[in-house]
Each structure stands twice: as structure tokens, then as C-alpha cells.
Amino acid sequence: GGEAVVTGRVTSGFVRAGAKVEVMYGGIKTAVKSIVRNSGGEKASFALAGDAVELTLAHEDPSCFEIGSVVCSPSSVIRVSDKFEVKIATLELALPFTLGQSVVVHCHAATAQAKIG
């Protein structure tokens, strides 16, 4: 089968080679074939929270993975939402935010169009 290499940081818990994982968004179920931890170039059998990793995933089509996707345990996938509430602190803003204004939300490497509502 095919494989795809994805990079990122383990934000919580751990990941181990051979683990079943789910890539969100899209619910792509796959497995971790191998791990390179902390840019050392050497393969590792596991990685812990805080580690920068390259995960080789068993998947035929690497184009399915988008920048900002999250690799999770199939037993605790992240929840997807189309609304969320934030408090925004600005230092200097030429024009104030207004209801209905279009904005671009950045979260880690992901971006999304949004409206202030």
C-alpha cells in the first residue's frame, strides 16, 4: 500500500508506531507506519507530548491530508464545530470589528473564512 508523511507536534498524550489513528477533518482512518522524532532523522518507536514529529501513515492518497489537519486517537477524535465564541484583545485597530464583518481565522497552520456574528 501507499504511504504519506505528515509533520507536526504532539500536543497531548503520545503516539506509537503501529497505532491506529484518525485524521480530522474528514475522518480518515489509517495507521502510523513509522515515527521520526525531534528532527533527529532517526526512527523512534514512540513520541510524547511536546515532540516535533514526522509520521509516516499507511494511506494511498496523501492529497487527502490538508494543512492544519489533526491526527487523533480513533477513540477520542476532535469535535468539529461551525461556531465558537472568542474574546479578542487588540492593541491598535484602525477600524472596529462590526457584526457581519468577514474575517480570516488562523489556528496553528489552518485558516478558515468566518463572519463576526
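Presented here is a report on the structure given in the accompanying data block. (Residues numbered from 1 in each chain as written. Predicted model: local features only at pLDDT ≥ 70, side-chain atom pairs only at ≥ 80, totals over all residues. Heavy atoms only, no water.)

1. With respect to the side chain of His59
Here His59 is to be found in the loop between β7 (52-57) and β8 (70-72). Each residue touching His59, except ones within four places of it in the same chain, is listed here: Gly2, Glu3, Ala4, Ile28, Thr30, Cys64 and Phe65. (Helix = DSSP H or I, 4+ residues; strand = E, 2+ residues; numbered from the N terminus. Contact = heavy atoms within 4.5 Å.)

2. Focus: a nonpolar patch on the surface
Taken together, the side chains of Phe84, Val86, Ile88, Leu93 and Phe97 make up a nonpolar region of the molecular surface, amounting to roughly 520 Å² of accessible area. Note that Val86 resides in the loop between β8 and β9 (102-107). (Patch = residues over 30% accessible without salt bridge, like charges linked within 9 Å, V, L, I, M, F, W, Y side chains within 5 Å. Areas by Shrake-Rupley, 256 points an atom, 1.4 Å probe, with all protein chains shown as cover. Salt bridge = Lys/Arg side-chain N within 4 Å of Asp/Glu carboxyl O.)

3. Remarks on the nonpolar core
Counting 14 residues, the largest nonpolar core has Val15, Val32, Ile35, Leu55, Leu57 and Phe65 as the members making the most contacts within it. Going through the elements one at a time, β1 (4-9), β3 (20-24), β4 (28-37) and β7 are the ones with two or more residues in this core. The contact partners of Ile35, leaving out residues within four places of it in the chain, are Val15, Arg16, Ala17, Glu42, Lys43, Ala44, Ser45, Phe46, Ala47, Val53, Glu54 and Leu55. (Core = buried A, V, L, I, M, F, W, Y, C linked by side-chain atoms within 4.5 Å. Buried < 20%, exposed > 50% of the residue type's maximum accessible area, 1.4 Å probe, protein only.)

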